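Listed below, chain by chain, are the residues.
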Amino acid sequence: MTTLRAFTCDDLFRFNNINLDPLTETYGIPFYLQYLAHWPEYFIVAEAPGGELMGYIVWLQAVRYPKGAAALMLCVFTVMGKAEGSVAREEWHGHVTALSVAPEFRRLGLAAKLMELLEEISEKKGGFFVDLFVRVSNQVAVNMYKQLGYSVYRTVLEYYSASSGEPDEDAYDMRKALSRDTEKKSVIPLPHPVRPEDIE
């Protein structure tokens, strides 16, 4: 039986099977330590009965108040991410920064379960939608998110930095409206691509 538990510092030495995948965005140890230091209760890992790490998801929730007031950030679950936006402009939402499942544990529904938990928390926190960024070339992930009810809201040009002299890669900003967005305004696709610096 799969166990969901809090991520610990020791897990940093055990999650290579999850992160060492060409389509998984990886971050430096300081990034993970920052999450653990600030929001340890919301950095969750899925563990197999034999103790192998199966996947993780981290999520933050934040709101930007009008007129430059400071943002409030609360980490909420394990899809590396955040929630952000303005409540007044109906942009308060959950944002998935990273969802990763080890290759040997894929196609078991674990990613869908972790996303479902994130969506439930986003609903409870009053979000209008959940969004995420995914490489345009990662059609397996794009199709999975579509099956989970997400749609392409916009294309973000050169969002992902390339290595080895290759060109930067575009991303899809995919969204799923939550019940608070009764008119589904948050998922009406933009007719043109945007640049990373245009994203709030």
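About the thresholds
Residues numbered from 1 in each chain as written. Predicted model: local features only at pLDDT ≥ 70, side-chain atom pairs only at ≥ 80, totals over all residues. Heavy atoms only, no water. Helix = DSSP H or I, 4+ residues; strand = E, 2+ residues; numbered from the N terminus. Buried < 20%, exposed > 50% of the residue type's maximum accessible area, 1.4 Å probe, protein only. Contact = heavy atoms within 4.5 Å. Areas by Shrake-Rupley, 256 points an atom, 1.4 Å probe, with all protein chains shown as cover. 1 Å grid on protein atoms, 1.4 Å probe; cavity = no way out; pocket = protein on both sides within 12 Å on 5 of 7 lines; lining within 4 Å. Points joined across faces, edges and corners; volume = space filled by probe spheres on them. Nonpolar A, V, L, I, M, F, W, Y, C, P; charged D, E, K, R; others polar. Pairing = 2+ DSSP bridges. Right-handed = clockwise from strand over helix to strand, strands pointing away. Arc of directions from axis to C-beta. Polar contact = N/O pair within 3.5 Å; in protein donor to acceptor, adjacent residues only side chain to side chain. Phe/Tyr/Trp six-rings, centres within 6.5 Å; stacked < 30°, edge-to-face > 60°.

Asks: Just to check I follow, could you spell out the overall build of the protein chain for this structure?
Replies: Along the protein chain, the regular secondary structure elements total four helices and nine strands. The order of α-helices and β-strands along the protein chain, N terminus first, is β-α-α-β-β-β-β-β-α-β-α-β-β. Within the protein chain, buried positions represent 46% of all 200 residues. The contacts in the protein chain between residues at least 6 apart in sequence include a share of 60% that link residues at least 24 apart. With an accessible surface of roughly 10400 Å², the protein chain has 55% of that area assigned to carbon and sulfur atoms.

Asks: Can you help me understand the layout of surface pockets in this one?
Replies: Gaps between atoms show up when a probe of the same size as a water molecule is rolled over them. The computed volume of the largest pocket comes to approximately 930 Å³. If you go around the largest pocket, you meet 34 residues; those closest to its centre are Leu-99, Asn-138, Ala-141, Met-144 and Tyr-145. Contributions of two or more residues to the lining of the largest pocket are made by strand S6 (93-101), helix H3 (110-124), strand S7 (129-135), helix H4 (139-147) and strand S8 (151-160). Taken together, the residues of the lining of the largest pocket sort by class into 21 nonpolar, eight polar and five charged.

Asks: Just to check I follow, could you spell out the pairing of S7 for this structure?
Replies: One face of the sheet, then the other: side chains in a regular strand alternate in exactly this way. With seven of seven residues buried, S7 is to be regarded as a mostly interior element. Summarising the sheet, S6 and S7 pair through four bridges and their orientation is parallel. Bridging across to S7, His-93 finds its partner in Phe-129. Handedness of the crossover joining S6 and S7 through H3 is recorded here as right-handed. In this structure, S7 lies alongside strand S9 (residues 169-177), joined through seven bridges in antiparallel fashion. Following the sheet pairing, Asp-131 is matched in S9 by Arg-175.

Asks: How should the environment of Val-152 be read in this particular structure?
Replies: Among the secondary structure elements, Val-152 is positioned in strand S8. Measuring from C-alpha to C-alpha, the distance between Val-152 and Val-142 comes to 8.9 Å, with 10 residues separating the pair along the chain. What Val-152 contacts, discounting residues up to four positions off in sequence, is Tyr-172, Asp-173, Met-174 and Pro-189.

Asks: Looking at this model, I keep getting lost on helix H2 (residues 29-38). Mind explaining?
Replies: Because each turn of an α-helix spans 3.6 residues, side chains separated by three or four positions end up pointing in the same direction. Inspection of H2 places Tyr-32, Tyr-35 and Leu-36 among the buried residues, and these make up the whole buried set. Taken around the axis of H2, the buried residues stretch over an arc of 95 degrees, which confines them to a single face. Facing away from the buried side of H2 by over 90 degrees, the exposed positions are Pro-30, Ala-37 and His-38.

Asks: I keep staring at the environment of Ser-186 and nothing clicks. Help me out?
Replies: Checked against the element boundaries, Ser-186 lands in the segment after S9. C-alpha of Ser-186 to C-alpha of Phe-128: the two residues are 58 residues apart in sequence and 7.2 Å apart in space. Discounting residues that sit within four places of it in the chain, Ser-186 has contacts with Phe-128, Phe-129, Tyr-153, Arg-175, Ala-177 and Asp-181. Within the structure, Ser-186 has its side chain in polar contact with the side chain of Asp-181 (distance 2.5 Å).

Asks: Just checking my understanding: could you explain the packing of aromatic side chains for this structure?
Replies: The description of an aromatic ring pair rests on the distance of the ring centres and on the angle between the ring planes. The tally for this structure, following the rule as stated, stands at six aromatic pairs. Centre to centre, the rings of Tyr-159 and Tyr-160 are 5.0 Å apart; their planes meet at 85 degrees, and the pair counts as edge-to-face. Residue classification places Tyr-160 among the buried residues on the basis of a relative accessible area of 9%. Members of the aromatic cluster, connected to one another through ring pairs, are Phe-7, Phe-15, Phe-31 and Tyr-32.

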